[in-house]
Amino acid sequence: MADERRPSTRSAAGAALLPGAAGPALLPGAARASLLPGAPGRALSRRAALAGLAALGLAACGRTAPARAAGARVVSLSPSTTEAVYAIGAGAALVGRSRYCDYPPEVLRLPSVGGYADPSIEAIIALSPTLVVGARGPAGPALDESLRAHGIATCFPDTESLAQIEDMLAELGRRLDAAPGAEQAIGRIRARRRAVEQAAGARGAPRVRAALLYDTSPLFVAGPGSFPDELIRLAGGENVITRGGAYPSISVEQLLALDPDVLLDGTSSGDDMRGASSLAALRDAPGWRSLRAVREGRLRPLNTEVVLRPGPRIGDGLAAVARALHGDALALPDDAVVPPSPGGAGLAAPLPGTEAP
């Protein structure tokens, strides 16, 4: 799932959508924690996640001495940090996870300590961790303070940009004696970024005006200062949402006035963020059917687990955004292409004047 940053983002923008946090991650960073965990049940509340992101700042890593790999015991409270620990080669140190952590599959064998918004301090302490990582989330600074009061080191890094995601990987590498693995994970992100930027630049076409939607009731979108906003730009797009903060809520009327060329659909439901899209269900609804992108078949579904989770697979997420923006007109190397979510019709509809030869 994406990080818990999305408004349910489901993450809150999926639990895993929110930033850093899990959620299908969701909202970016903490929001991405899955977007935002918070809602009852396995699905996260996107609105809760977005609200949490707007209200809270993310904590930096605590100043406690690094947990060394030999005796490290790590509990991760967000999907993005769980992926990061595995990506740098320190997965053996993980002893606990949030209920939204689902990748890689072996993490599901670990005990859950709760969600992004409602982690159990008692469950965490029972695992005797030397380090707890994740996103700050709705629990606020109280969680960080409580853990450190028990002598447990913490690390809740910002992950609202590719640079911050790379910093998060480097910091975990330092703390877990896995610097070489962190360097490799960062190198993979940078290689994907170069491939996407070169492919998008080679097209020589105007930037595609786009909006990335996390939820539809109310309508939450990716705004300036969010890492999805950066992904759109790096992929050769222009985010039509230019005000209101990183994850603002707007009306359908406002979206109509902005008239994006493409709608990037990050509203899928389900624990893995690959279920039914709430946006696709509105194609024929009043207001929505008047959107040019909907009328002309440019509603592009995203694999939100990859795109909206600010972790080591963000390079794949960037490639997925690029393909969603440009369709088959974009020539990406095979290893830089990420398929859309299952059932993702819509890539066959190119932008006017950009049909591939």
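Located above this text is the structure these notes cover.
The structure displayed is predicted, hence computed values, not measured ones.

Conventions we followed
- Residues numbered from 1 in each chain as written.
- Predicted model: local features only at pLDDT ≥ 70, side-chain atom pairs only at ≥ 80, totals over all residues.
- Heavy atoms only, no water.
- Pairing = 2+ DSSP bridges.
- Helix = DSSP H or I, 4+ residues; strand = E, 2+ residues; numbered from the N terminus.
- Axes fitted to C-alpha atoms, helices over the stretch in contact; angles between N-to-C directions.
- Contact = heavy atoms within 4.5 Å.
- Right-handed = clockwise from strand over helix to strand, strands pointing away.
- Phe/Tyr/Trp six-rings, centres within 6.5 Å; stacked < 30°, edge-to-face > 60°.
- Buried < 20%, exposed > 50% of the residue type's maximum accessible area, 1.4 Å probe, protein only.
- Lys NZ or Arg CZ within 6 Å of the ring centre and 35° of its normal.

Asker: Where do I start with the sheet that holds strand β4 (residues 74–76) in this structure?
Answerer: What links the strands of a sheet is backbone hydrogen bonding, and the strands pair in either a parallel or an antiparallel sense. One open sheet holds the four strands; their spatial order is β5-β4-β6-β7, and the pairing between them is parallel. In this open sheet, the two edge strands, each paired with only one partner strand, are β5 (94–97) and β7 (153–155). Averaged over neighbouring strand pairs, the angle between their axes works out to 20° when direction is ignored. Relative to strand β6 (residues 131–133), β4 runs parallel, the two being bridged by three bridges. Directly across from Val75, in β6, lies its bridge partner Val132. The strands touched by helix α2 (residues 79–87) within the sheet are β4, β5 and β6, with β5 carrying the most contacts at an inclination of about 165°. The sheet contacts of helix α5 (residues 162–175) involve β6 and β7, and relative to β7 the element is tilted by about 160°.

Asker: Would you mind going over the pairing of β5 with me for this structure?
Answerer: Sheet topology note: the β4/β5 ladder contains three bridges and is parallel. Following the sheet pairing, Val74 is matched in β5 by Leu94. The handedness of the β4 to β5 crossover, carried by α2, is right-handed.

Asker: Looking at this model, I keep getting lost on the packing of aromatic side chains. Mind explaining?
Answerer: Aromatic rings considered in pairs are described by the distance between their centres and by the relative angle of their planes. Under the criterion given, the structure shown has one aromatic pair. Seen in terms of ring centroids, Tyr214 and Tyr247 are 5.4 Å apart; in terms of plane orientation they differ by 50°. Their pairing is tilted. With a gap of 33 residues between them, Tyr214 in strand β8 (residues 208–216) and Tyr247 in the loop between β10 (237–239) and β11 (249–250) connect regions that are remote in the sequence. Classification of Tyr214 by relative accessible area gives buried; the value is 0%. Across from the ring centre of Tyr103, 3.6 Å away, lies the NZ or CZ of Arg313, which sits over that ring.

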